Amino acid sequence: MFDIERWQEIFDAIRKNKLRTILTGVSVASGIFILVVLLAFGQGMQNGIAKEFEADASNRIGVWTQVTTQEYMGLNPGRPIQLRNNNYQAINSKFGEDLENRSPFFRVRNVTVDYNAESGSYSVQGVSPLFQNIENQFISQGRYLNYGDEENVAKVVVISNKIKRELLKGEENPIGAFLKLSGINFQIIGVYGDKGGDREEDRLFIPISTAQRVFNGSDNLNMLFYTLKPSASLDETVAKSVKLTEDIKTYLKEAHMVAPTDPSAVNTFNTLEAVKRFQNLTGGIKFFFWFVGICTIVAGVVGVSNIMMIIVKERTRRLG
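For clarity, every value in this text was computed on a predicted model and none was experimentally measured. (Residues numbered from 1 in each chain as written. Predicted model: local features only at pLDDT ≥ 70, side-chain atom pairs only at ≥ 80, totals over all residues. Heavy atoms only, no water.)

Novice: Teacher, can you tell me more about the packing of helix H3 (residues 85–95) against helix H8 (residues 234–255) here?
Specialist: Working note: a packed helix pair is described by the angle between its axes plus the distance between those axes. Put simply, H3 and H8 touch, their axes get as near as 11 Å, and they point 135 degrees apart. Accordingly, the angle class assigned to the pair H3 and H8 is oblique. Classified by chirality, the crossing of H8 by H3 is right-handed. Here H3 contributes Asn86, Asn87, Ala90, Ile91, Lys94 and Phe95 to the contact with H8, which in turn contributes Leu244, Asp247, Ile248, Tyr251, Leu252 and Ala255. In the contact of H3 with H8, the residues fall into eight nonpolar, two polar and two charged. (Axes fitted to C-alpha atoms, helices over the stretch in contact; angles between N-to-C directions. Helix = DSSP H or I, 4+ residues; strand = E, 2+ residues; numbered from the N terminus. Parallel < 35°, antiparallel > 145°, perpendicular 65-115°, else oblique. Left-handed = near helix turned anticlockwise from the far one by under 90°. Contact = heavy atoms within 4.5 Å. Nonpolar A, V, L, I, M, F, W, Y, C, P; charged D, E, K, R; others polar.)

Right, here's the structure in full:
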């Protein structure tokens, strides 16, 4: 029930304590505003980091090699270490139970890409069919590479939406058309898109076997890519991925006679470790934001309590 005397008393108290009331109201309002802004900032940061990881699988492991830096078993430092098909096959055999997706990777260098009178500069990469999952790519038209293409050393190519716009201008459906890679005809079988945007779409893909045989790659590989089967928790998955990368490095060092302590001959990256670090970072930031915002609101509540105590004392004095 509306009590006009109570409201008159409230406004009377406010008139008597104008400055304190205004400062307390500003304090509470600013506390709520700061909390909202900080939480929005924290969520935006988390969304931005998640967006970055959308470009590729978040449980991706990459392997590549460089030159040795230490003498080992009578071999001088400075030897280049070359990944080969048998290394890829051996890793699949040894650690296949823990692997979800896998693909070798061979970069074809100094290739010209032509379509009719148009020409462009793009990266030509030889991969296996599961590379699509490792890169989080989606198919806009046609299909991706398959194992039949790989076994038959097919001269087929998957282009990106960006390449279609830039090189195949006006072509609504390029499936079945031919691109020339260094003068060799490759039939377009699919158009892909990448969540990473245009920066991830400067590439076109051909079967790994075709890349090696047609472009004189022998059995050489530039990199190996894997994704890990998920475990019950992120911590377990991270621990398993760390162990797997160390086991792969140990195998490759033994296979290529590299010193176990050589820091640069065999290299790996593990996106799960980065995911874990960013998760801890964003969790800490959000906790800090909540703490600061709540402390600001509590300060405003304390101010309101002070006003109430003053009012109570005044009324007590009056009644006395």
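Novice: In this structure, what is going on with unusual backbone geometry? I would like to understand it.
Specialist: Not every positive phi belongs to a glycine, and Met73 is a case in point at roughly 50 degrees. Examined against the element boundaries, Met73 turns out to sit in the loop between strand E1 (60–65) and strand E2 (83–84). According to the relative accessible area criterion, Met73 is exposed, its value standing at 57%. Residues other than glycine seldom take positive phi values, yet Asn216 does so here, at roughly 55 degrees. (Buried < 20%, exposed > 50% of the residue type's maximum accessible area, 1.4 Å probe, protein only.)

Novice: Is there a simple way to think about the packing of aromatic side chains in this case?
Specialist: Any two aromatic rings considered together are summarised by their centre-to-centre distance and by the angle between their planes. Per the counting criterion, the structure on display carries 10 aromatic pairs. For the ring pair Phe131 and Phe205, a centre distance of 5.5 Å and an interplane angle of 55 degrees mean the geometry is tilted. Within this pair, whereas Phe131 is found in helix H4 (residues 131–134), its partner Phe205 is found in strand E11 (residues 203–207), the two being separated by 74 residues in sequence. Using a relative accessible area of 1% as the deciding quantity, one classes Phe131 as buried. Residue classification places Phe205 among the buried residues on the basis of a relative accessible area of 0%. (Phe/Tyr/Trp six-rings, centres within 6.5 Å; stacked < 30°, edge-to-face > 60°.)

Keep in mind that these numbers describe shape and distance, not what the molecule does.
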